[in-house]
Amino acid sequence: MARALITMPKTAKRGEIVEIRTLIAHPMETGYRAGDDGQIVPRNLIRRFSCRYEGELVFSADLFPAVAANPYLTFCTLATTSGTLQFTWEGDRGFSQTENVVLTVT
Amino acid sequence: MRRSWLAALCVAVSVCAAAPATPDARRSGFDFMTPETQAIQRDDAQNPAMLWVQEGAAAWERKAGSAGRSCIECHGDAAKSMKGVAARYPAFDAATRRPITLGQRINACVVDRQGGAALAPESQELLALESFVAMQSRGLPIAPPDDARLAPFRDRGEKLYRQRIGQLDLSCAQCHDERAGGKLAGATIPQAHPTGYPIYRLEWQGLGSLQRRLRGCIAGVRAEPFSYGAIELTELELYLARRAAGMKIETPAVRP
């Protein structure tokens with residue numbers, strides 16, 4: 001199970017811009033490198049990241065081989081209503097991880 | 001009597017030789033980095049090493065081994081019990097009668113107290129625990145123990161530091177004392193103070209111990225690296241800790 005770190009405020013005022021920062025443990029293997037045995041290491045990438053705020057897609061990104069290991073993504077969203085932000089990373093070899101963070105809007 | 005006095009003098013001389021003339025001249029590898037890389041280390045939210053620290057915090061509370069015991073059952077809150085521990089390693093281990101590193105100390109606990117299998121050097125599990133424990137000393141000065149039993153090992157470490165090795169016939173001192181701040185190809189040569197281990201090295205795209213770093217340097221001068229856990233590497237670590245005594249611990253650090 002990969003590990004993820006999500007840094008964001010727990011509460012925000014309505015209409016406030018909230019900064020969200022995400023970090024996930026992943027090798028982001030390009031599929032172009034040879035391992036110690038000389039064989040090509042199979043590609044193992046996170047292909048897509050998305051963030052849904054109460055079901056609504058507020059941010060998404062496609063990731064490619066040039067992205068370094070343990071991708072760090074940061075973005076902002078507008079605090080509209082109290083609810084759950086759902087972060088999903090999906091990729092090769094059926095990789096999928098979802099994290100939920102609750103944001104309370106006052 | 002006379003012999004012990006001589007031994008004490010030798011220790012004193014080596015201490016004086018190890019300490020630079022002006023303490024301010026010593027700089028952490030952090031100071032040689034680009035502002036962009038420094039920013040990654042300054043901010044725990046984007047420091048990838050925090051992923052290992054987080055894993056280590058979970059492992060601290062997880063029951064493991066045939067004894068089914070967790071670290072927290074004996075040691076309690078790591079923020080209190082592990083504060084300053086990393087600052088004094090490598091330390092002398094009475095059981096094996098040799099100095100051991102923090103990672104080896106953790107492994108001894110895993111085997112003896114938890115009844116588990118020893119964690120492999122550089123394994124993610126060991127690095128996670130080591131970075132979690134070492135981070136509890138962040139901001140504290142490196143404080144090598146004043147233990148006479150360590151002296152002969154540290155002296156051998158210093159000798160190795162100054163010994164020319166490999167096909168390139170270079171010693172650690174020639175780069176990191178005499179040419180620190182200069183360039184090795186595109187990279188700045190740091191002063192080699194072990195202030196932030198285990199480090200997240202961008203080149204490794206992962207976390208690594210001081211021994212991995214030392215092995216990388218030894219292979220770099222085209223000498224055959226000592227294997228993980230070799231006493232020579234621990235001796236080098238001992239000397240480096242004395243050389244960096246008083247400098248602040250940055251674990252988990254980021255390096256290029």
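Since this is a predicted model, take the numbers as computed values, not measurements.

Structural notes on the environment of I17 of chain A
All names here are of chain A.
Consideration 1: With respect to the helices and strands, I17 occurs in strand β3 (residues 17-24).
Consideration 2: Between the C-alpha atom of I17 and that of F75, which follows or precedes it by 58 residues, the distance is 10 Å.
Consideration 3: Filtering out sequence-adjacent residues up to four positions away, I17 remains in contact with C76 and L78.

Remarks on the pairing of β3 of chain A
Consideration 1: Relative to β3 of chain A, strand β1 (residues 4-7) of chain A is paired through 4 bridges, and the arrangement is antiparallel. Note that in β3 of chain A the partner of L5 of chain A across the bridge is L23 of chain A.

A closer look at the nonpolar core
Consideration 1: By size, the foremost hydrophobic cluster in this structure holds 55 residues, and its most contacted members are A49, L51, W52, A86, F132 and V133 of chain B.
Consideration 2: At the level of secondary structure, the elements contributing two or more residues to this core comprise β3 and β4 (46-53) of chain A together with α3 (49-61), α6 (102-112), α7 (124-135), β5 (199-201), α10 (210-220) and α11 (231-243) of chain B.
Consideration 3: Take this core: its biggest share by element is 8 residues, from α7 of chain B.
Consideration 4: The residues touching W52 of chain B, leaving out its near neighbours within four places in the chain, are L127, A128, S131 and L207 of chain B.
Consideration 5: With 6 residues, the next largest nonpolar core counts C51, A79, F87 and L103 of chain A among its residues.

Remarks on the sheet that holds strand β6 (residues 206-208) of chain B
All names here are of chain B.
Consideration 1: Pairing is mixed across the open sheet formed by 3 strands, whose spatial order is β6-β5-β7. Of all strands in the sheet, those with a lone pairing partner are β6 and β7 (254-255), marking the two edges.
Consideration 2: Alignment of β5 against β7, held across 2 bridges, turns out to be parallel. In the strand pairing of β7, R201 is matched with R255.

Here's the deal with the interface of chain B and chain A
Consideration 1: Across the boundary between the two partners, chain B contributes 9 residues, which contact 10 residues of chain A.
Consideration 2: For the side of chain B that touches chain A, the element with the highest residue contribution is α3 of chain B, accounting for 4 residues.
Consideration 3: Split by residue class, the side of chain B that touches chain A holds 4 nonpolar, 4 polar and 1 charged.

Thresholds applied
Residues numbered from 1 in each chain as written. Chains lettered and ligands numbered in written order. Predicted model: local features only at pLDDT ≥ 70, side-chain atom pairs only at ≥ 80, totals over all residues. Helix = DSSP H or I, 4+ residues; strand = E, 2+ residues; numbered from the N terminus. Contact = placed C-beta atoms within 7 Å. Pairing = 2+ DSSP bridges. Core = buried A, V, L, I, M, F, W, Y, C linked by C-beta atoms within 7 Å. Buried ≥ 20, exposed ≤ 12 C-beta atoms within 10 Å, placed from the backbone. Nonpolar A, V, L, I, M, F, W, Y, C, P; charged D, E, K, R; others polar.

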